[in-house]
Amino acid sequence: MKVLISGASVAGPVLAYWLERYGFETTVVERTPALRHGLGGHAVDLFGHAADVVQAMGLWDEIVAARTMIEKLTIERSGAKPVHVDLSRLYAGMSDRHVEILRGELTRILSAADTSEYLFGDSITSLNDDGDGVDVTFEHNAPRRFDLVIGADGMHSNVRRLAFGPEESVRRHLGGYLAVYSTPNLFGLGNETLTHQSINRLVAMYGVRQTGQARAAFLFRTENELAYDYRDKDQQKALLAKEFRDYGWRVPQLLEHLEAANDFYFDAIAQITLDTWQRGQIGLVGDAGYCPAPAVGGGTSLAIATAYILAGELAVNGPDGLRSYETKVRPMVDRSRAIGPKVMGSIIPGGPATLRLLPWAASVVPKLPTPIQRFIWSQNAVGKALGSEPLPTYAASPGSPATPVQ
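The structure presented is a predicted model; accordingly, all values stated were derived computationally and were not measured.

The next point concerns the sheet that holds strand S8 (residues 124-129). Strand order across the open sheet formed by 3 strands is S8-S9-S10, with antiparallel pairing between neighbours. Looking at the sheet topology across the chains shown, the edges are occupied by S8 and strand S10 (144-146). Each adjacent strand pair in this sheet contributes to an overall mean axis angle of 25°, direction not counted. For S8 and strand S9 (residues 134-138), the ladder comprises 5 bridges, and the chain directions are antiparallel. What sits directly across from asparagine 128, in S9, is aspartate 135.

Let's shift gears to the packing of aromatic side chains. All chains considered together, the criterion is met by 17 aromatic pairs. With centroids separated by 6.4 Å and ring planes inclined at 40°, the aromatic side chains of phenylalanine 220 and phenylalanine 266 adopt a geometry described as tilted. Highlighted residues: phenylalanine 220 in strand S15 (residues 213-221) and phenylalanine 266 in strand S16 (residues 265-272), separated in sequence by 46 residues. A relative accessible area of 1% places phenylalanine 220 in the buried class.

Turning next to the pairing of strand S6 (residues 99-102). Of the two faces of S6, both are covered, the one formed by Val99 and Ile101 as well as the one formed by Glu100 and Leu102. Pairing analysis gives 4 bridges linking strand S3 (residues 43-46) to S6, with the strands arranged antiparallel. Considered in S6, the bridge of valine 44 is made with isoleucine 101.

Here we take up helix H7 (residues 233-244). Since the α-helix turns once every 3.6 residues, residues separated by three or four places project in the same direction. Taking 1.5 Å of rise per residue, the 12 residues of H7 would be expected to cover 16 Å, and the 17 Å separating its terminal C-alpha atoms lies within 8% of that figure. Of the residues making up H7, those classed as buried are Gln236, Lys237, Leu240 and Phe244. The arc enclosing the buried residues of H7, seen along the axis, measures out at 100°, which places them on a common side. For H7, exposure combined with an orientation more than 90 degrees from the buried face picks out Asp234 and Lys242. Contacts made by the buried residues of H7 are with strand S12 (171-183), strand S14 (201-208), S15, helix H8 (251-255) and S16. You can read the cap of H7 off the contacts: a side-chain oxygen lies 3.2 Å from the backbone nitrogen of aspartate 234, and it is on aspartate 232.

Time to look at the pattern of salt bridges. Taken as a whole and assessed by the stated rule, the structure comprises 13 salt bridges. Note that arginine 108 is salt-bridged to glutamate 62, the shortest N-O span being 3.9 Å. Pair noted here: arginine 108 is in helix H5 (residues 103-112) and glutamate 62 is in helix H3 (residues 60-65), with a separation of 46 residues, a long-range link. Accessibility expressed as a relative area gives 35% for arginine 108, which makes it partly exposed. The residue lysine 328 makes a salt bridge to glutamate 313 at a minimum N-O spacing of 2.8 Å. A residue pair is termed long-range when its members are at least 10 positions apart, and lysine 328 in helix H11 (residues 321-337) and glutamate 313 in helix H10 (residues 299-317) qualify at 15 residues. A relative accessible area of 3% means that glutamate 313 is categorised as buried. In this structure, a network of salt bridges that share partners links the residues Arg160, Glu167, Arg171 and Glu225.

Okay, the side chain of threonine 68 next. As for its placement among the helices and strands, threonine 68 is situated in the loop between H3 and strand S4 (72-76). With a relative accessible area of 8%, threonine 68 lands in the buried category. Apart from the residues lying within four places of it in its own chain, the contact partners of threonine 68 are Ala43, Glu100, Ile101, Leu102 and Arg209.

As a further point, take the environment of arginine 108. Remark: the alpha-carbon pair of arginine 108 and alanine 8, spanning 100 residues in sequence, is separated by 9.4 Å. A distance of 2.9 Å separates polar atoms of two side chains, one belonging to arginine 108 and the other to glutamate 105.

With respect to the element layout, serine 6 can be found in strand S1 (residues 2-6). Once residues within four sequence positions are removed from consideration, serine 6 is found in contact with Val29, Ile124, Ile150, Gly151, Ala152, Asp153 and Val159.

A word on the packing of H10 against H11. Running from amino to carboxyl end, H10 crosses H11 at an angle of 160°, the nearest separation of the two axes being 8 Å. Judged by the inter-axis angle, H10 sits roughly antiparallel to H11. The element H10 and its partner H11 pack so that their crossing is right-handed. In this structure, H10 uses Leu302, Ala305, Thr306, Ile309, Leu310, Glu313, Leu314 and Asn317 to contact H11, whose residues at the interface are Gly321, Leu322, Ser324, Tyr325, Lys328, Val329, Met332 and Ser336.

At a minimum axis distance of 8 Å, the contact between helix H1 (residues 11-21) and H10 shows a crossing angle of 30°. Considering their axes alone, H1 and H10 lie roughly parallel with respect to each other. In the packing of H1 onto H10, the handedness of the crossing is right-handed. Residues Ala11, Val14, Leu15, Trp18 and Leu19 of H1 form the contact with H10, whose own contacting residues are Ala303, Ile304, Ala307, Tyr308, Leu310, Ala311 and Leu314. For the contact of H1 with H10, the per-class residue count stands at 12 nonpolar, no polar and no charged.

The rules behind the values
Residue indices begin from 1 for each chain and proceed along its sequence in written order. Under the rules for a predicted model, residues below a pLDDT of 70 receive no local features and side-chain atom pairs below 80 are neither given nor counted, while totals for whole chains, interfaces and linings still include all residues. With hydrogens and water stripped out, all remaining heavy atoms of the structure feed into the side-chain values. The pairing criterion is simple: DSSP has to find at least two bridges between the two strands. Helix and strand definitions follow DSSP, with helices as H or I runs of at least four residues and strands as E runs of at least two, each counted in order from the N terminus. In this analysis, axes come from line fits to C-alpha atoms, helices being fitted only over the stretch in contact, and the angle between any two N-to-C directions falls in the range 0 to 180 degrees. The rule is short: rings of Phe, Tyr and Trp, with Trp giving its six-membered ring, pair when the centres are within 6.5 Å, and they are stacked under 30 degrees, edge-to-face over 60, tilted in between. Working definition: with a 1.4 Å probe on protein chains only, accessible area under 20% of the residue-type maximum means buried, over 50% means exposed, and in between means partly exposed. One less than the residue count of a helix, multiplied by 1.5 Å, gives the span that helix is expected to have. Note that the arc is computed from the directions linking the helix axis to the C-beta atoms. Two residues qualify as a contact provided that any one of their heavy atoms is within 4.5 Å of a heavy atom in the partner residue. Side-chain atoms alone can form a polar contact between residues adjacent in sequence; in general such a contact is a pair of N or O atoms within 3.5 Å, and within protein one must be able to donate a hydrogen while the other accepts it. The rule for a salt bridge is simple: a side-chain nitrogen of Lys or Arg has to be within 4 Å of a carboxyl oxygen of Asp or Glu. Should an angle fall under 35 degrees it is taken as roughly parallel, and over 145 as roughly antiparallel, whereas 65 to 115 is taken as roughly perpendicular and any remaining angle as oblique. Throughout, a crossing is termed right-handed when the near helix is turned clockwise from the far one, and left-handed when it is turned anticlockwise from it by less than a right angle. Gly counts as polar in this scheme, as do all residues outside two lists: the nonpolar Ala, Val, Leu, Ile, Met, Phe, Trp, Tyr, Cys and Pro, and the charged Asp, Glu, Lys and Arg.

Okay, here's the thing in structure tokens:
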């Protein structure tokens, strides 16, 4: 069976890896050139079922070796003493296996493990599903036919737009925005994340040990959704500079390097709210189908776990696996959708009470005994979303069908 996957960030390479193992003929198309995969992107967290999946792929040790190694969080606020958080104890209280890694590093490791055909620097322009397969045209490559097409191309999914309709009808804005870019390590940051919080805004920076640079991250709330082109980086930089031009703290030094940043990322903290992730021979996985919201929803771990399940269900059930996959992942997705609004209410303080409470809670929880932390985590929305449902297991050898392991 021939499968085309659009997107080579996280869900795409994981899905391709498992489909190749189950004997599918897999092609991955990715808009960006291969050379852009590296140390870019914000730091993301892997835990819960995502850790199980990458362990089964034989990649856990490599991912751990590439981790950020950030061990300390310092939270500053105007007129208050800094609060210091031991992240190693906090993570240990969350899970036996937790790792923070730059998204670019994770993408590099996942893609290198996959033997699929990759079409970099290209994109799908049309999809024609006739019930038996999908005829696909590309911007650069010749037209081809596939048995299935899977969109793993992020919140602004091209496949979703072509097969399910415009993004505006399925996007739920949560009232915030995230921006990330690299800067020189202006403040000598090592294994520390330094943040400054104020009402409706947060600034963070951390060192990138592989490059000697630092990464700056900005989160802010707005009453109304901003009007901008998500592909226009200059427009987005101007929006960010306007929002933080009077912020003070160390922000003026960070903004001095905004214009020159060539890895700038800016996007809304929003969810994708589709009720179904398959239409005929076309399916969606990860942020393309059910983005729980950047920075606040655990989307990277969700993408890894659900891509693994999709591959297993396709291997067991053929094209009908799109429907069984949807049934299997729905509880996980529904719980993940509940995360973003709750986290938004705490990570970006909406008022004075939250501005006081969050740093206090962040410093106290890691000091609790690990069993108590684990219990708290198990009752947390993120913990429930990515750990409460058993992860299906599938047995397969290369070139042979998969069967569920009982």
